[in-house]
Amino acid sequence: MTKKEKIEKLIVRAQEAQKKAYVPYSGYSVGAAVLTSDGDIFDGCNIENASYTPTVCAERVAIFKAVSEDASSIDAIAVVAGEDMGFPCGVCRQVMREFASEGLEIIVAKNKDEYECYHLEDLLPHSFGPENLKGGEHV
Ligand code: THU
């Protein structure tokens, strides 16, 4: 499979997940699909809540599904949002940072023919991550 085909496959999975979004409050459906370093794909949609703050973004649902199934890290994530391109929120960028493989690709897509690829460093420069806390010797 070519890189382009892999990206398209991930976008299609994100689109399928987007259809399952539970968005009675915003009406804004988001879908995401992650490719793990083991080659597995996990998808997720945003899930809202009447109490608002428990709402979870599609990206985090997909990433947490992967992590809870033993994925070691993620190589790529595709996101489809609303009718147009929607970039991942800051919280999701930070969660990506936690589980990113070197060179994680973030694909922000309108559909499988219209998308843009970014690296985490583009969307979360000068980030804080696990290496900052290694060793637990900061008290
Ligand atoms: N949302 C996501 O799923 N991902 C993002 O990166 C941005 C926002 C969701 C949360 C909420 O259900 C809706 O979009 C409006 O904020």
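Residues numbered from 1 in each chain as written. Predicted model: local features only at pLDDT ≥ 70, side-chain atom pairs only at ≥ 80, totals over all residues. Heavy atoms only, no water.

Peer 1: So what about the overall build of the protein chain? Which residues, and what values?
Peer 2: Along the protein chain, the regular secondary structure elements total four helices and five strands. Taken from the N to the C terminus, the helices and strands of the protein chain come in the order α-β-β-α-β-α-β-β-α. Whereas a compact globule of 139 residues would reach a radius of gyration of roughly 14 Å, the protein chain reaches 15 Å, a difference of no more than 12%. Structurally, the protein chain occupies a C-alpha span of about 45 × 45 × 30 Å along its principal axes. (Helix = DSSP H or I, 4+ residues; strand = E, 2+ residues; numbered from the N terminus. Rg over C-alpha atoms; globule rule 2.2 N^0.38 Å.)

Peer 1: An account of helix H2 (residues 58–68) is requested, with residue identities and associated values reported.
Peer 2: Within H2 the residues assigned to the buried category are Ala58, Glu59, Arg60, Val61, Ala62, Ile63 and Ala66. Directly beyond the C-terminal end of H2, a positive phi value near 85 degrees is found at Asp70. (Buried < 20%, exposed > 50% of the residue type's maximum accessible area, 1.4 Å probe, protein only.)

Peer 1: An account of the packing of H2 against helix H3 (residues 90–99) is requested, with residue identities and associated values reported.
Peer 2: Remark: H2 packs on H3, axes separated minimally by 9 Å, with the N-to-C direction vectors making an angle of 20 degrees. In terms of orientation, H2 and H3 fall into the roughly parallel class. Pair H2 / H3 crosses with left-handed handedness. In this structure, H2 uses Glu59, Arg60, Ile63, Phe64 and Val67 to contact H3, whose residues at the interface are Val91, Cys92, Val95, Met96 and Phe99. Its residues assigned to classes, the contact of H2 with H3 comprises eight nonpolar, no polar and two charged. (Axes fitted to C-alpha atoms, helices over the stretch in contact; angles between N-to-C directions. Parallel < 35°, antiparallel > 145°, perpendicular 65-115°, else oblique. Left-handed = near helix turned anticlockwise from the far one by under 90°. Contact = heavy atoms within 4.5 Å. Nonpolar A, V, L, I, M, F, W, Y, C, P; charged D, E, K, R; others polar.)

Peer 1: Run through the pattern of salt bridges, naming residues and quoting values.
Peer 2: For the coordinates displayed, the defined rule picks out five salt bridges. Ionic pairing is found between Glu105 and Lys3, a salt bridge with its closest N-O pair at 2.8 Å. Taken together, the residues span a long stretch of sequence, with Glu105 in strand E4 (residues 100–111) and Lys3 in helix H1 (residues 3–18) at a distance of 102 residues. Residue classification places Glu105 among the buried residues on the basis of a relative accessible area of 17%. Asp43 is the salt-bridge partner of Lys65, the closest N and O atoms lying 3.4 Å from each other. Highlighted residues: Lys65 in helix H2 and Asp43 in strand E2 (residues 41–45), separated in sequence by 22 residues. Taking the relative accessible area as the measure of exposure, Lys65 reaches 36% and is therefore partly exposed. What emerges from the salt-bridge pattern is a single network uniting Arg13, Asp43 and Lys65. (Salt bridge = Lys/Arg side-chain N within 4 Å of Asp/Glu carboxyl O.)

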